[in-house]
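Coordinates in review
Here's the letter readout for the chains.
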Amino acid sequence: MELSPEEEGKTSHVIDMTTSEKVVDLLNQAALIPTDEKLNVLKQVQELIINKDPSLLDNFLDEMIAFQTDKSIEVRKFVIGFIQEACKRDNELLLRLIANLNMLLKDESVNVVKKAILTLTQLYKVTLQWLVRSKAVSDMQEACWDLVTQMKGDVLALLDSENDGVRTHSIKFTESLIITLSPRTSDSDVPKRQEGDISLDKVPKDHTYIRYDVLCEEGKSALEKLLKFMVHPAISSINLTTALGSLATIARQRPMFMSEVVQAYETLHANLPPTLAKSQVSSVRKNLKLHLVAVLKHPCSLEFQGQISTLLLDLGMPQSEITRSTPALREQRKRPRHEQYTEGKKVKMEPALIEDDEDKEEPAPLTIPKPAAVPVAQSAIDLTAEFLHPLLSPENVANLVLISMVYLPDVMPASFQATYTPVESAGTDAQIKHLARLMATQMTAAGIGPGLEQCKAREDDAVKEEDNEEDSGAKDLLIKRKVPAVMMGQAISVVGGYAEKAPTTEAPAAVKRLPEPILPTAQTKMTGASGRKKVFRLSDVVQPLSDTQIEKLTSRAIKRILHSEKAISQSGMSHVRVKLLSRLVTQFEGMMKEDVLEFILDDIRTRSDLAFSLLYQEYNTYLSQLPTGLLDSYDHCLFTLLSGLQEKPEQRDGLFTKLVLEAPIITESALEVIRRYCEDESRVYLGMTTLKELIVKRPSRQFQYLHVLLDLSSHEKEKVRTTALAFLKRMYEKDQLRDYIEKFALNYMQLLVHPNPPSLLFGADKDTEVAAPWTEETVRQCLFLYLSLLPLNHRLVHELASVYTEAIADIKRSVLRAIEQPIRGMGMNSPELLLLVENCPKGAETLVTRCLHILTDKVPPSPELVERVRDLYHKRVPDVRFLIPVINGLEKNEVIQALPKLIKLNPIVVKEVFNRLLGTQHSEGSSSVSPLTPGDLLIALHNIDSTKCDMKSIIKATNLCFGEKNVYTSEVLAVVMQQLMEHSPLPMLLMRTVIQSLTMYPRLGGFVMNILSRLIVKQVWKYPKVWEGFVKCCQRTKPQSYSVLLQLPPAPLTSVFERCPELREPLLQHVLSFTPHQQAHIPASIMAVLEANKKTEPKPAEPVVGEQSEPFTAPAASVSEEAPTATLKEPETPDQHDPAVTKDEEEPMEQEQSDPVIQEESVNTVSQVELARASETPSPQPEPAEEPMETAQSEPSDLQEPEKDVEADSAESEAGSGSKDVE
Amino acid sequence: MPSHPLRVAVVCSSNQNRSMEAHNILSKRGFDVRSFGTGSHVKLPGPAPDKPNVYDFKTTYEQMYNDLVRKDKELYTQNGILHMLDRNRRIKSKPERFQNCKEKFDLVITCEERVYDQVLEDLNSREQETLQPVHVINVDIQDNHEEATLGAFLICELCQCIQHTDDMENEIDELLQEFEEKSNRPFLHTVCFY
């Protein structure tokens, strides 16, 4: 082309003379005329040289360009337009004109600048296309491209211009640039007019100068710039509108960027710049809507349809309209297409420069990371939204709203007012998703949120991966830049040779070179700087400190940091100090650690953060040396802190707990401190709560912690122990801990089998195994845990039984004492307890009995229990004591059957039995209905066969009954006596009971007289014991009894007087006081007995007696022998014979009967004497003497069994002592 | 101050009342102004609200005038339609449709939001070429004679202010804010590119 002017000038000069001349003429005119006309003229010239005769273009180029310095803006703008047209017409002109454009780009008038930007927008594409088309790129072309690239950068920088219009134009330039510098794909919208435009896919990857990958990156960075520009909070409404439009264009023409665009729209919609006025907000929203619809109509919007329609809905577009704008589902777009483009357009290689080979290979790897960038930006919001979505519960959202109320501005911002649409679908999943997305957009924009972090991490990785490749790329870039710079000099001279006619063309060349020299100068500066460093050597100036100095300095430094607490906290940098301290202290061994710990402990409440930081740092250090590292240092730190806390007297906060729970590892010594903490009675609860937390939250070592708690369960301090037990009981419910606890408890209980308590029970320090005997304390120690578990797991009761059978007596006793509470807790319905009763292991009888007692102590026995006990009693262990607890559950006859055995037991036991039977034991709640009424019981006692039970026991038993005055009222006794009367033969103790009743209730006198009379009818004298009592009774009830005595036949009456001579005289007097008529009713025989004091009377009766039984005569003799003693005793009754009994027949019978009885007893006289003696004493009962002995024994235990037997024996022997003495 | 006079377009629905009123005044004040309608047809009030007179954009004002005179001269004189058409035919021969005009403007003023939307849609649907900006401003004017006259004055004032700025693009935002406050009505404003 350069050659053409000269050539053409000669050949076509004549033909074109007129045109050329016209142009010259016009140009001359233009120099002189005012602007308006000048423009007109210049337009004509442009028309002539560009369209009519382009051959003239080169000739008049300089003249035309000269107008770029015209003072008229319009003229300068015209020149820009001319440059554009000229360059489009002849691309070669770019080499000469681009620098001029660059000058105009920096024009003082914004309108010129704007025009220049518009032109550059066009020429950038033109230049690129031209260069791509060129087979060999000349140095000039390279320089030209470099300048264009530089200008591109300048225009991008104009996004920050102060002028709104310039910014607007810069945005449009950026838009065009992005589209040019990205590959056109099959799904790109291509405006017809731009079909021929260059785009990245048409740039060969092996171009000698233009680098595909660099352009690609430039395009992306331009997009980034644009996006960044858009989120500027103070963006003007027009800029924003422009940017919105640009993004829509980009999205449609380069769908690969659609996600960024949609995301930018989302962000904008949620963050309309606060500076916008109300009407501007509506304008922007209108635009947003318009562009969103445009994007939506593009087939590639498919995957963003959800987001776009949500936005459109928010912008107030009806759903129907959105649907109308949504493209029908289409085949998936094929992104990889643009790869094929480049392949197809591959420019044939020139056998060119060395660099070509490098270029050829490099682009391939560099293109790889490119697609990754697209999803990354997209997913930051996506990830955050996903993260937020589940968090947006109604409660959380409500809280957010409440919190943000505080930050609401006083006046409603215009943007909000315009944006606000009532939330129609509140609470639906779609709306929550939308909300999550809105928030995610905000968070991402603010630079927070998990999505952003993940993306950043991912990007970092990507960058790292790329680093190596990029390094080589960067190096190449440097090399390449240098090469053209060097070659430029030569090139210019060559060009200059051609361009001799045009002095102005030098200017652009110079301009072109402008950007180039910058690089070399910068490089020399850098080398200069590095050279200087060598002069100064630190080591020359300084000397090493001595070790002590170092130590001193470090410790002082630490101390300063340590004590600058207040000052630093005021500055708000405490966390830095804490971090610094912990790092320093853990890094350097030595005293400082102690100092810091001490410092912390001085006021641990406020310095806990330092404590934690230090602890973690220690742990971190340990971890970092893991295979060989020791925990010592960490352990020391934790131990010191915990001990410090433990020793401090007051602290309400849970710092100790917090420290324990947040410590990464609990060491042995730390556990020891925790244990000590738990042993402190004032903190036991807190300590154990902590321990519990440890057990629950650190399963890997839970048994270790649990063991501590278990140990504490037998602690000597009651509070510690009970608390531990309470905690353990709760933990026992947890399956994974259950076995361990149970095993521990059983093992501990198992210790009871040993003859001496193992040292374990005394703690590790006391080694006194051999000497110490079991004590109540030690036994209990073994049982605490077990017994507290027992109510939770009844099965365990069998273990106790087996241990019990093996244990020694002392332990047994302690066990029996200890089990009351837990057994009661189990209740009598516990199947396991019933099973125990049923099986009753050998040796565990007392245990079972005790259990039964405990169970029935307050409540009546259940039928099941009674059944088991009955079975046990009848089939296996016929020990009547088993029956006692369930006695009220037994049948009446069963009780009566067992009664002889029962009353033979220890008096205390007997008393208890009676209490149960009489219901006198428990004041309230004993609804147990005894199978026997009190009357029944007393009668049953009277009816006990004396062969089965000794009289003494029966007497004691009846005495127990009489002791219960509340139960045995006069009425009850009357009924009893009445019924006893009916028995035949008369119960031996009848008269005893009568006398006792009378003593208790004197008003029963009348009733007793009646009884006595009826006894006479029953020939009471035939029962010696009863007769004896009869006489006694009469004696006690005189004078009431006189009438009864008078009813006796003479013989018994004689017997009465024999036994009780002092009765005779009063009775006689009594009869004598009768009226004669009354006296007449007294038989003579009676009177004889009354009056006669002769002893011959009984004799005639003897033969009668003899008839019946011979052997009895001898005793009778002894009776008579005895008589004098009796008379001796009571001399005042000589006239006992007076009331003579007429009925002779009766008398002998009485004699006969009474004698044998006496004979049987073989001590009858003695008994009489005894009775007589008793009658003299105020109380007829011999029992009171015995009672104190009984009360001496308090424990109902089998251990007393032998004693009791002995006791019973002694009681019996005592009872019989009188007779023995006589014998 | 821009060296060349602003190229202004005033657009309403039928290019009869509001845009023509503004056209009239602006051209008298020396603006390079054109007026358009965006509707698919030209509609004029008829004998009843549901019976408008509908013409296409090829019909001249003259023809409409004659048509209405023939239909009901009295009615259309009374409601001012004939007067309006008479004025219109003296400005230009027939209504023009904005969508069919390829000329480039610096400023497009619309007279109601629907028209504004249509203009934006049209401008955005055009292929971009020079990237030369065009500002579109909406001034809401009710479609009656009085409002049209008031609106026309407002538009004229606005255009004059814009014309007198040193750098229209840099100042238009602020200017519109002031105008909004002064006239107490909101303006929609955006920029499009040719």
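Scroll up to find the structure this text is about.
Residues numbered from 1 in each chain as written. Chains lettered and ligands numbered in written order. Predicted model: local features only at pLDDT ≥ 70, side-chain atom pairs only at ≥ 80, totals over all residues. Heavy atoms only, no water.

What follows covers the nonpolar core. Residues and elements named next belong to chain A. Formed by 192 residues in total, the largest nonpolar core has its most connected members in Tyr786, Phe914 and Phe1030. The greatest single-element share of this core, amounting to 8 residues, is contributed by helix H39 (residues 776–789). Beyond its immediate stretch of four places on either side in the chain, Tyr786 contacts Ala745, Leu746, Met749, Leu796, Val797 and Leu800. The next biggest cluster of nonpolar side chains, apart from the first, holds 111 residues, and it includes Leu61, Leu101, Cys144 and Leu223. (Core = buried A, V, L, I, M, F, W, Y, C linked by side-chain atoms within 4.5 Å. Buried < 20%, exposed > 50% of the residue type's maximum accessible area, 1.4 Å probe, protein only. Helix = DSSP H or I, 4+ residues; strand = E, 2+ residues; numbered from the N terminus. Contact = heavy atoms within 4.5 Å.)

Attention now moves to the interface of chain A and chain B. Taken together, the contacts link 33 residues of chain A with 29 residues of chain B. When chain A packs against chain B, the two sides together hide about 2,600 Å² of surface, and 48% of this comes from carbon and sulfur. Seen at the junction of chain A and chain B, the total is 4 salt bridges. Residue Asp167 of chain B is joined to Lys114 of chain A by a salt bridge in which the shortest nitrogen-to-oxygen separation is 3.3 Å. Inspection of the chain A/chain B interface yields 13 residue pairs in polar contact (both at pLDDT 80 or more). Breaking the side of chain A that touches chain B down by element, the ones donating at least two residues are helix H7 (110–133), helix H9 (164–180), helix H11 (237–253) and helix H13 (278–297) of chain A. The dominant element in the side of chain A that touches chain B, judged by the number of residues it contributes, is H13 of chain A, at 8 residues. Class assignment of the residues belonging to the side of chain A that touches chain B gives a composition of 6 nonpolar, 18 polar and 9 charged. (Buried area = accessible area lost by both parts, 1.4 Å probe. Salt bridge = Lys/Arg side-chain N within 4 Å of Asp/Glu carboxyl O. Polar contact = N/O pair within 3.5 Å; in protein donor to acceptor, adjacent residues only side chain to side chain. Nonpolar A, V, L, I, M, F, W, Y, C, P; charged D, E, K, R; others polar.)

Looking now at the pattern of salt bridges. In total, this model carries 34 salt bridges over all chains according to the counting rule given. The salt bridge involving Arg167 of chain A is made with Asp164 of chain A; its shortest N-O contact spans 3.0 Å. Taken as a pair, Arg167 of chain A and Asp164 of chain A lie in helix H9 at a separation of 3 residues, close to a single helical turn. Notably, a salt bridge pairs Glu21 of chain B with Arg87 of chain B, separated by 2.3 Å at the nearest N-O pair. Residue Glu21 of chain B is located in helix H1 (residues 18–28), and its partner Arg87 of chain B is located in helix H3 (residues 81–91); the two are separated by 66 residues in the primary sequence.

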